[in-house]
Amino acid sequence: MIEQHHEPGPERAGYVLTTLRGNHMNNQASHTSLFQSRPAIDPKASVRVMALGLALSISGASAQSYRGFISSAQQMDGFRAIGVDLADFDHDGDLDAVMTRSTGELQLFRNDGSGQFTPWNGITLSSSQLGHPVVGDFNNDGNMDIVCAARTSDVVMVVKTNANGTLQSPQVLPFGATPFEVEVADFDSNGFLDIVAISRETNAVKVYLGNGTSFPTVRSFSTSHGSLLGQEPFGVAAGDLNNDGKPDIVITHLTSQDVGVYYASGNGFFFSGDFAYYLPQPSAPYAVELVDMNNDGDKDIVFSRGLGDADIVWMKNGYNGGVETFPDFNDGVWTTNVGGRVTDIAIGVFTCNSSLPDVVGANEGNVPEDIDAIDILTNPGIGALTARSSIPNDGQVPNSVATGDFDNDGDIDIFEADLYSGYRVHLNRCIETPCPADLTDDRILNFLDVSAFLDAYAANDPAADITGDGVFNFFDVSAFLEAFGAGCP
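(A) How the structure looks around the sheet that holds strand 11 (residues 171-174). Taken in spatial order, the four strands make up an open sheet running 8-9-10-11, and their pairing is antiparallel. Both edges of this open sheet fall to strand 8 (134-136) and strand 11, since each of them pairs with a single strand only. Between one strand and the next, the sheet's axes are offset by a mean angle of 25°, whatever the strand orientation. Note: strand 8 against strand 9 (residues 145-150), three bridges, orientation antiparallel. Directly across from G136, in strand 9, lies its bridge partner D145.

(B) Spotlight on the sheet that holds strand 14 (residues 204-209). Pairing within the open sheet is antiparallel, and its four strands lie in the order 12-13-14-15. The open sheet has two edge strands, strand 12 (179-185) and strand 15 (217-222), and neither has a second partner. With direction set aside, neighbouring strand axes in the sheet form an average angle of 20°. Direction of pairing for strand 14 relative to strand 15: antiparallel, over a ladder of six bridges. What sits directly across from V207, in strand 15, is R219.

(C) Just the pattern of salt bridges, in detail. The final tally for this structure, using the stated rule, is eleven salt bridges. D244 serves as the salt-bridge partner of K246, at 3.4 Å between the closest nitrogen and oxygen. On the basis of relative accessible area, D244 is assigned to the partly exposed category, the value being 32%. One salt-bridge network, held together by shared partners, links D407, D409 and R429.

(D) Spatial organisation of the pairing of strand 14. Where strand 13 (residues 194-199) lies against strand 14, four bridges are found, and the strand directions are antiparallel. Across the sheet, A197 pairs through a bridge with K206, a residue of strand 14. As consecutive antiparallel partners, strand 13 and strand 14 are separated by four residues, and within that stretch N203 has a phi angle of approximately 65°, a positive value.

(E) Region of the structure containing the packing of aromatic side chains. All chains considered together, the criterion is met by 20 aromatic pairs. Seen in terms of ring centroids, F187 and F270 are 5.4 Å apart; in terms of plane orientation they differ by 80°. Their pairing is edge-to-face. A residue pair is termed long-range when its members are at least 10 positions apart, and F187 in the loop between strand 12 and strand 13 and F270 in strand 20 (residues 269-270) qualify at 83 residues. We note that F187, like F270, is buried. A ring pair is formed by F453 and Y457, whose centres lie 5.9 Å apart and whose planes are at 40°; its orientation type is tilted. Of this pair, F453 and Y457 are both found in helix 2 (residues 447-458), four residues apart, which corresponds to roughly one turn of the helix.

(F) Layout of helix 3 (residues 474-486). For helix 3, spanning 13 residues, the distance from its first C-alpha to its last is 18 Å, which sits close to the expected 18 Å at 1.5 Å a residue. Of all the residues in helix 3, the buried ones are D476, A479, F480, L481, A483 and F484. N-capping of helix 3 is provided by N473, with a side-chain oxygen placed 3.0 Å from the backbone N of F475. Positive phi appears at G487, one or two residues downstream of helix 3, with a value of about 75°.

(G) Quick look at helix 2. For helix 2, built from twelve residues, the straight-helix expectation of 16 Å at 1.5 Å per residue is met to within 8% by its first-to-last C-alpha distance of 17 Å. Of all the positions in helix 2, only D449, V450, S451, A452, F453, L454, D455 and A456 are classed as buried. Of the residues flanking the start of helix 2, the one acting as N-cap is N446, its side-chain oxygen 3.0 Å from the backbone nitrogen of L448. Downstream of helix 2 by a residue or two, N460 has a phi angle that is positive, lying close to 55°.

(H) Up close: unusual backbone geometry. Even without glycine at this site, S189 takes up a positive phi of about 60°. Among the secondary structure elements, S189 is positioned in the loop between strand 12 and strand 13. Phi angles above zero are rare outside glycine, and Q257 is one such case at about 55°. Within the fold, Q257 resides in the loop between strand 17 (248-253) and strand 18 (258-262).

Criteria and cut-off values
Every chain is numbered on its own, with residues counted from 1 as its sequence reads. Residue-level local features of this predicted model are given only where pLDDT is at least 70; pairs of side-chain atoms are given and counted only at 80 or more, and the full residue set underlies all totals for whole chains, interfaces and linings. Each side-chain value is worked out from all heavy atoms of the structure, with water and hydrogens disregarded. By this definition, two strands are paired if DSSP reports at least two bridges between them. Put simply, DSSP marks the helices as runs of H or I at least four residues long and the strands as runs of E at least two long, and each gets a number from the N terminus on. A fitted line through C-alpha atoms serves as each axis, taken over the contacting stretch for helices, and the angle formed by two N-to-C directions is quoted from 0 to 180°. A pair is scored as a salt bridge if a Lys or Arg side-chain nitrogen falls within 4 Å of a carboxyl oxygen belonging to Asp or Glu. Partly exposed residues are those whose accessible area sits between 20% and 50% of the maximum for their type, while under 20% is buried and over 50% is exposed, using a 1.4 Å probe and protein chains only. When two rings of Phe, Tyr or Trp (its six-membered ring) have centres within 6.5 Å they constitute a pair, described as stacked for plane angles under 30 degrees, edge-to-face for angles over 60, and tilted for the intermediate range. Every helix has an expected span of 1.5 Å times one less than the residues it contains. Throughout this description, a polar contact denotes any pair of N or O atoms lying within 3.5 Å of each other; where both atoms belong to protein, one of them has to be capable of donating a hydrogen while the other can accept it, and for residues adjacent in sequence the pair is counted only when both atoms sit in side chains.

Set out below in C-alpha cells:
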C-alpha cells in the first residue's frame, strides 16, 4: 500500500550549493559541538626520551590552527535509516536529503541553507526494508527523482518528484529475486538515465534502460564466475573506467572476496562471466566509489573491506591514454587500516587548499570494544590515504554517509545516517593540508606530537601507522621523524 505524508518546512531565501554523493540521516533535539581528534598523552621513559630528542633536534614548524567539523545530532528514536542521498528537491539552491528506512518508508529532509535539516515530504513504499536511495533526473524535467530497491518485495521503485518537492506515486520495476542496491547512469547513450540493480542472494544483475517515461528494455547478467568469483554482490558503482564514453559497472562481492569490473560493450550490454575482470581481496569488500583520486583524468576504484578490522583501499587506474579495453588496477594499490567495519563511504574534498578527493567512511564497529564512528581519510595524491580524524558516534551506529556543501561556505560537509536513532550533520570548518606528524591536530609540531606518536605506537593505534601498511615498525618511526622535520605545509 502506498501512503504519502507531508511535513511543511519553513520558507527561506535561495542559496547556491554543490554536491558529491554519499548516504544516511535523522531529527529532533539538536546538540552541537566542535570535534577535534587529540590522542591521549602519557609520557613514559627511555626510548621516548631518545625519540623526543631526535625530533626536537630536527626542529618543528607551525602553521594555522587546525579546523575540524561542527557536529549537530538530530535524534529520531526508531527511525532506523538505511541510506541517504542528496539533491536540491525544491529548487532553492540548497542541498536537501532523502533517506530510506528499514520499515519501507522514504523520507525527504529540507535544508534551510545553514545545514539544518527538518522532516519534509515522505512516502511509504513497502512493508519491507529499502536499499540506499539514489537520485537522478529520469525524465529530464529538471526535478531530481529517486530510485531504491525494495529488498524483500522483489521490486525496484522509482519515485519522481515535482518542482515543489512533492512526491509522485512510485513506478514499480519487477526484479524477481531480492534486489539489494541500485545505481544510475546512461548506459545506452540515449540521453536518459538508466538503472542497474544487484541481488545479494542470487548474484543477479538487471539493467533497466530508460526512455524518459518508462524502462521498457531490461538487460540481465550474473556476477557469478564458477563458484569462486563474483559471489554475493554488496556494493555497486558506475563510471567510465576506460575513457570510451560508456559507463562501466563495478560490484563488490562479499562471499568470494573480490571486486568485479564489468566493462560496457555498448547499448546497455556488459562483459560478464569469462570476460569480467575480477580483483581478488584478502577480506570481504563492502562499499565502493569510482573517482579520480589523483587528478590524472582516469577514474580509480575506492572501497572499504574487512569485517572487524576494516581497510579503505585505493586501486589506481593504470589506463595510459591509449586504446585499452581493460585498464590495469594493480598499477598502484594502497591500503589504510581504520578498524571496525565500514559499510558505506563517500567522497569529498575536506582539506583546505586542495583539489584532491578525500574519503569519509561510516564505521559501525564490529564488536563491543569497537568504537562506531565517522572516519575521515585525507588524500596525499599518491600512496596510502591518511587516517586524519575519527568522529565518535556514542553507540548510534553510523550506517551511511553523503557529502556536499550544506551551508554554502565553499567547504564540503558530511551527512551521517544512523542505524538506530537518527542522523548527524558535520559542517566542515576546513581540514588543513595533511601534516602527518601533527598528531595533536593543532598545526604546531612539538614534544606533544612526539609523545602522542609514542603512545599511539605502543598501543598499535592506526594514528602511528604513518606508512599506512598496517605494520608498526622502524619505518613508521622513520616516516614520523621525516614528517616532523618537514613541518606542516
